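Structure assessment
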Amino acid sequence: MRKAVVLLSGGLDSATTLAMACDKGFACYALSIDYGQRHQSELAAARKVGQSMGIKMHRTISIDLSALGGSALTDRSIAVPTGGTTTGIPVTYVPARNTVMLSLALAWAEVLGSHDIFIGVNAIDYSGYPDCRPDYIEAFEKMSNLATKTAREGNKLTLHAPLLNLSKKEIISLGKELGVDYALTVSCYQADESGSACGLCDACRIRRAGFLAADISDPTRYRVG
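Residues numbered from 1 in each chain as written. Predicted model: local features only at pLDDT ≥ 70, side-chain atom pairs only at ≥ 80, totals over all residues. Heavy atoms only, no water.

**A word on the overall build of the protein chain**
Scanning the protein chain for helices and strands turns up seven helices and five strands. Helices and strands in the protein chain line up, N terminus first, as β-α-β-α-β-α-β-α-α-β-α-α. Here the protein chain has a C-alpha radius of gyration of 17 Å; the compact-globule value for 225 residues is 17 Å, and the two agree. Counting only C-alpha atoms and orienting by the principal axes, one finds that the protein chain spans roughly 55 × 40 × 30 Å. Contacts in the protein chain between residues far apart in sequence, at least 24 positions, make up 73% of those at least 6 positions apart. For the protein chain, the exposed surface amounts to about 10,400 Å²; the carbon and sulfur share of it is 52%. Of the charged side chains in the protein chain, 23 are positive and 22 negative, and the gap between their average positions amounts to 3 Å. (Helix = DSSP H or I, 4+ residues; strand = E, 2+ residues; numbered from the N terminus. Rg over C-alpha atoms; globule rule 2.2 N^0.38 Å. Contact = heavy atoms within 4.5 Å. Areas by Shrake-Rupley, 256 points an atom, 1.4 Å probe, with all protein chains shown as cover. Lys, Arg positive; Asp, Glu negative; His and termini not counted. Charge placed at Lys NZ, Arg CZ, Asp CG, Glu CD.)

And the structure:
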């Protein structure tokens, strides 16, 4: 079986991405990043999701991006917006987060002898982050094949972003077909210790709308209606 490193945050998109990688026959090695985010609930969710899908290994790496701040997800002095989605890049954008995470995934893939990395970014129903867009994914893959010993020796790496052009409705419908247990996942930017979602942040609003559009029961525990 070909090995794949799958970035697993514990959210809906990354869980679906992991299920897709498993369905394609990859031996999956999940990587979660404790980057100093507001809560640990999503990391606990990632462990449960990985266990439910029978992955080969799950590793969590800590790198404290809260030391840099600049985001409502890493700096508690910046409030998480709860008034609905707006135009422009929101304050929940974490500077260079996906670049940091993908770089760690790239390093682990090279150690494992894997030539495939999966990430659950989405450019349709999302918050507008610059590192969730097709040109970014293309550029990172190109850089990866210039930056690693493995690629320079002829084993090219492929960066898979299978959700990139799917709506949240399509993602949820596909995940249900693959048997993803979305009750295990946590998407909320400010979930509590038990994983209950605020129901008001952009992530909650996008998630709720996705289940509604897919006509699938939403298993999320929302604190606000």
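**Notes on the pattern of salt bridges**
All chains considered together, the criterion is met by three salt bridges. Ionic pairing is found between Asp 116 and Arg 2, a salt bridge with its closest N-O pair at 2.6 Å. Here the residue Asp 116 occupies a position in strand E4 (residues 116–118), and Arg 2 occupies one in the segment before strand E1 (3–7), the gap between them amounting to 114 residues. According to the relative accessible area criterion, Asp 116 is buried, its value standing at 2%. By relative accessible area, which is 53% here, Arg 2 ends up exposed. Glu 153 serves as the salt-bridge partner of Lys 149, at 3.0 Å between the closest nitrogen and oxygen. Its relative accessible area of 54% is what places Glu 153 among the exposed residues. (Salt bridge = Lys/Arg side-chain N within 4 Å of Asp/Glu carboxyl O. Buried < 20%, exposed > 50% of the residue type's maximum accessible area, 1.4 Å probe, protein only.)

**Notes on the nonpolar core**
Val 5, Leu 102, Ile 117, Ile 119, Ile 137 and Cys 201 are the most contacted members of the largest nonpolar core, which has 43 residues in total. Where this core is concerned, the elements lending two or more residues are E1, strand E2 (27–34), helix H3 (97–112), helix H4 (134–147) and helix H7 (202–214). Among the elements that take part in this core, H3 stands out by supplying seven residues, more than any other. Residues within four places of Ile 137 in sequence aside, it is in contact with Ile 119, Val 121, Leu 159, Ala 161 and Leu 164. By size, the runner-up hydrophobic cluster in this structure holds 23 residues, among which are Cys 28, Val 49, Ile 172 and Ala 214. (Core = buried A, V, L, I, M, F, W, Y, C linked by side-chain atoms within 4.5 Å.)

**Structural notes on the side chain of Asn 98**
Along the polypeptide, Asn 98 turns up in helix H3. At 2.8 Å, the side chain of Asn 98 forms a polar contact with the backbone oxygen of Asp 131. The residues contacting Asn 98, other than those within four sequence positions of it, are Ile 119, Val 121, Asp 131, Cys 132 and Tyr 136. (Polar contact = N/O pair within 3.5 Å; in protein donor to acceptor, adjacent residues only side chain to side chain.)

**Observations concerning the pairing of E2**
Most of E2 sits inside the fold, with eight of its eight residues counted as buried. Neither face of E2 is left uncovered, since the one carrying Ala 27, Tyr 29, Leu 31 and Ile 33 and the one carrying Cys 28, Ala 30, Ser 32 and Asp 34 both have all their residues buried. Bridge count for E1 against E2 is five bridges, and the pairing is parallel. Looking at the pairing, Leu 7 lines up with Leu 31 of E2. Regarding the hand of the β-α-β motif, the stretch spanning E1, helix H1 (residues 12–23) and E2 is right-handed. Sheet topology places E2 next to strand E3 (residues 57–62); six bridges connect them, and they run parallel. Of the residues in E3, the one forming a bridge with Ala 30 is His 58. (Pairing = 2+ DSSP bridges. Right-handed = clockwise from strand over helix to strand, strands pointing away.)

**Thoughts on the packing of aromatic side chains**
Aromatic ring pairs are described here by two measures, namely the spacing of the ring centres and the angle between the planes. For the structure shown, the criterion picks out five aromatic pairs. When the centroid spacing of 6.0 Å and the interplanar angle of 90° are considered together, the rings of Tyr 29 and Trp 108 count as edge-to-face. One end of the pair, Tyr 29, is in strand E2; the other, Trp 108, is in helix H3, and 79 residues separate them in sequence. In this structure, Tyr 29 and Trp 108 share a single accessibility class: buried. (Phe/Tyr/Trp six-rings, centres within 6.5 Å; stacked < 30°, edge-to-face > 60°.)

**Topic: the packing of helix H6 (residues 168–177) against H7**
Interaxial distance between H6 and H7 falls to 8 Å at its minimum, and their mutual angle equals 65°. By the angle class used here, H6 and H7 are roughly perpendicular. Of the two possible hands of crossing, H6 and H7 adopt the one that is right-handed. Listed contacts from H7 to Lys 168, Lys 169, Ile 172 and Ser 173 of H6 are Ile 206, Arg 207, Gly 210, Phe 211, Ala 213 and Ala 214. (Axes fitted to C-alpha atoms, helices over the stretch in contact; angles between N-to-C directions. Parallel < 35°, antiparallel > 145°, perpendicular 65-115°, else oblique. Left-handed = near helix turned anticlockwise from the far one by under 90°.)

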